[in-house]
Amino acid sequence: MKKIVLIALISLFSTISFAEIKVVTTTTVIYDLVKEIGKEKVKVDYICRGDQDPHFLEILPSNMLKLRNAELVFKIGLGLEMWLQQIIDGSRNDKLKLIDLSKDIEKKEVPTGKIDASQGDVHPYGNPHYWLDPENAKIMAKNICEALSDESPDNAEYFKKNLDDYTAKLNSKIVEWKTKMSNLKGKPIITFHKSWVYFVEKFGIKVVGQVEPKPGIPPTPSHNAELVNEIKKTGVKIILMENYYSDNAPNQLARTTGTKVVKVANAVYGQEGINSYIQMMDSIVNSLSNNL
Amino acid sequence: MKNILLFLLVLFLITNIHSQSNVNPDISLIGTFNTFTNNVKGTPEYGKLNFETPAMEMFIDGYLNPYSRATANIAYEEGEFGVEELYAQILRGLPLDMQIKAGKYLVGFGKLNTIHPHAWHFIERPLFHQIFFGEEGFNDIGVNFSFILPTKSFYTNLDLGVFKGDAIAKTEVLDPEDADSYYDLRGNSPIFVGRLSSFFDLDDYTNLEVGLSGSYGVHAKMDFNTLGDSTAELENKSLNYLYGGLDFKLKYKPDSYTALTLQGEGLLNSRDVFRQGDVGVNIPIEKSEKINSFGGFIFIDYLFGKQFSIGAKYDFTYGIIGDEPSFSSLSNDDKNKTQGISGWFGYYPIEETLAFRLGVQNISFKYDDGTSRDSETTVTLQMLFSLGPHKAHPF
């Protein structure tokens, strides 16, 4: 009898110690950061695949199922995941805690006046593509660490150590990325969508235009013609775009002006071989610096 | 006058809502404008470009508290305002993770009925909807209880509801001049509706949903002269119906620019109907008879370049589209049939804010008694706009 009680106590204790925090993230970038901080003490899944545009997602019941048993859901925020609340409602999980990772980020392009649809898909709380600045990835990692520690205070030290290790790794990569990008400093580029504001500011690149006439609005021939003039005037060499957008209009521009279209994944698992945030940033930096 | 008052009330509500705090509900407006022509000789529309009165749907939607939401859909169609939907939902916090939806809304029988027509791939309502639910679909007043079943590897949902039954009886108005007369035919008999649906991720880009639906209840109550004797006392009888439904949707979406959708639904109808037999004592004997019939559709739609879509649909149903409601027509008709073939081309210039659709539908009729009737072809050009916040589309 004693043995049985002892075994029961041990198994109860082991359940408590090694219980995984069930986490769902909206994007694969957050997914990777949660894995880095939580390691084996979290069970994590994501909603938006790396090759999907996170602005527009269909509401799939399978994603409701993912959230159904989760304890935490992390999001980018700033209006990027307009679809999330419908999935949360569908999950019927009333214990789910929603963590908005944008809270300590220094937001860019926050509209000051009245916004409406004539300006395109303007995000009312600021540009949400902040994860493309690795300094912001450190802030995201810190906030993830805090949320995991709140959820499992017994493991707070473990999460803190993982955060410190990851931050150190990021710091050394930031130096490497800065060096590689130094030859692009001050150089003009064109981007497809207005999603690179945090990235270009970090590395000192100048964006002189977007292939989209306004955020979220498909390219038009007249806007392309304006861009041709701008490219000629400013000496743009690169059109930078996410790989989930159609490259028809950028390729047409490239043919006319001799620029290069650089298609990159801006999410983890966005293309083969990109399995972490660091690999994603490596790929973006290498694609740009090799194509100048 | 009633319309003007309703419109003023809506305006007042919107203005008032805007003047309040940041807990305003979302307000969005869908506008629909159709022009069409057809080849139906003898009708005023024949061979002409006809302009329909623009239709409008205004959605007001928001959280009531952390656990529940409410939605109102005020529609303006054919020159009249009406409450298309008005319901509240308890989303979380209930035992067994149940959700409750109560009010007036599109009933979850099949997949397509709960989707608003502006979000369909095609223009015309499926023929079997028109026959078995009426021209506005299965829209009814009632309460629905929804459960997620514990099928771990895939999502399964069970809906069980009780409704007033107006939509079912709408197709049986004995006096077309008096649209409310169907109330008298049913009395106070609720109907029951259920749907079991499962959703599967076949791979990263392909999803499948299959559903089984059922609805049961009294569709009418009648006084029968079972003896065929004009002096005999009449016998009051209930006429029951049972609908069984099967639906599926398969979608392949390799990227945000391309999607291929294959979707279909079918309905089996088994019901008691009023029939007259041979003359009894001095008049025909009145009796109820069990009939069986069915209807369904299947369509394919291909979205390409994010902005364009092309598709085709095949429809079949028992009953003749456009017949006056009676106890031998529409859902009570197990003799005559209607078949439809349609095709469409859609252009969506910027996301879902604006849409243009060109649709062609050919309807042919088959009468059991050999009556000959020409097929009817209608060409419709539709413009849709969406103003205000629009939610992400459910699968």
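Let us look at the structure shown here. (Residues numbered from 1 in each chain as written. Chains lettered and ligands numbered in written order. Predicted model: local features only at pLDDT ≥ 70, side-chain atom pairs only at ≥ 80, totals over all residues. Heavy atoms only, no water.)

1. Comments concerning unusual backbone geometry
Part 1 of the reasoning: Positive phi, normally seen in glycine, also occurs at Leu 78 of chain A, with a value near 55°.
Part 2 of the reasoning: Relative to the assigned elements, Leu 78 of chain A resides in the loop between β3 (72-75) and α4 (84-91).
Part 3 of the reasoning: Within the chain, Leu 330 of chain B stands out as a residue other than glycine whose phi angle is a positive 50°.
Part 4 of the reasoning: Considering the arrangement of structural elements, one finds Leu 330 of chain B in the loop between β14 (308-318) and β15 (337-347).
Part 5 of the reasoning: Since its relative accessible area comes to 7%, Leu 330 of chain B is described here as buried. (Helix = DSSP H or I, 4+ residues; strand = E, 2+ residues; numbered from the N terminus. Buried < 20%, exposed > 50% of the residue type's maximum accessible area, 1.4 Å probe, protein only.)

2. Re the pairing of strand β7 (residues 139-149) of chain B
Residues and elements named next belong to chain B.
Part 1 of the reasoning: Where strand β6 (residues 99-106) lies against β7, 8 bridges are found, and the strand directions are antiparallel. Residue pairing across strands places Lys 104 opposite Ile 141, the latter belonging to β7.
Part 2 of the reasoning: In this structure, β7 lies alongside strand β8 (residues 155-163), joined through 8 bridges in antiparallel fashion. For Ser 146, the partnering residue across the bridge sits in β8 and is Asp 159.
Part 3 of the reasoning: In this structure, the hairpin formed by β7 and β8 is closed by a connection of 5 residues. (Pairing = 2+ DSSP bridges.)

3. Side note on the pattern of salt bridges
Part 1 of the reasoning: Scanning the entire structure with this criterion turns up 34 salt bridges over all chains.
Part 2 of the reasoning: For Asp 45 of chain A, the salt bridge identified is with Lys 66 of chain A, shortest N-O distance 4.0 Å. Of this pair, Asp 45 of chain A sits in strand β2 (residues 42-46) while Lys 66 of chain A sits in helix α3 (residues 61-68), and the two are 21 residues apart along the sequence.
Part 3 of the reasoning: A relative accessible area of 30% places Asp 45 of chain A in the partly exposed class.
Part 4 of the reasoning: In this structure, Glu 151 of chain A and Lys 97 of chain A form a salt bridge, with 2.7 Å as the shortest nitrogen-oxygen distance. With Glu 151 of chain A in helix α5 (residues 134-151) and Lys 97 of chain A in strand β4 (residues 97-100), this residue pair connects regions lying 54 residues apart in the sequence.
Part 5 of the reasoning: For Glu 151 of chain A, a relative accessible area of 22% corresponds to the partly exposed category.
Part 6 of the reasoning: Classification of Lys 97 of chain A as partly exposed rests on a relative accessible area of 42%.
Part 7 of the reasoning: Via salt bridges that share partners, Asp 89 of chain A together with Asp 61, Arg 69, Arg 92 and Lys 391 of chain B belong to a single interconnected network. (Salt bridge = Lys/Arg side-chain N within 4 Å of Asp/Glu carboxyl O.)

4. Considerations on the packing of aromatic side chains
Note on aromatic pairs: each is described by the distance of the centres and the angle between the planes.
Residue and element names in this part refer to chain B.
Part 1 of the reasoning: Enumeration over the complete set of coordinates arrives at 40 aromatic pairs over all chains.
Part 2 of the reasoning: The interplanar angle of 40° and the centroid separation of 5.5 Å between the aromatic rings of Trp 120 and Phe 122 together place this pair among those described as tilted.
Part 3 of the reasoning: Judged by relative accessible area, which is 3%, Trp 120 ranks as buried.
Part 4 of the reasoning: Phe 122 sits in the buried class, given a relative accessible area of 2%.
Part 5 of the reasoning: By way of ring pairs, the aromatic residues Phe 109, Trp 120, Phe 122, Phe 128, Phe 132, Phe 133, Phe 138, Tyr 241, Tyr 243, Phe 297, Phe 299 and Trp 344 are connected into one cluster.
Part 6 of the reasoning: The cationic tip of Lys 306 hangs over the ring face of Tyr 257; the distance from NZ or CZ to the ring centre is 5.3 Å.
Part 7 of the reasoning: When the ring centre of Phe 365 is taken as origin, the NZ or CZ atom of Arg 373, which lies over that ring, is 3.7 Å away. (Phe/Tyr/Trp six-rings, centres within 6.5 Å; stacked < 30°, edge-to-face > 60°. Lys NZ or Arg CZ within 6 Å of the ring centre and 35° of its normal.)

5. Thoughts on the pairing of strand β6 (residues 206-210) of chain A
Residue and element names in this part refer to chain A.
Part 1 of the reasoning: Summarising the sheet, strand β5 (residues 188-191) and β6 pair through 4 bridges and their orientation is parallel. Counted as the bridge partner of Pro 188 is Lys 206 from β6.
Part 2 of the reasoning: You can see the chain leave β5, run along helix α7 (residues 197-203) and come back into β6, and the turn it takes is right-handed. (Right-handed = clockwise from strand over helix to strand, strands pointing away.)

That's the geometry; what it means functionally is another story.
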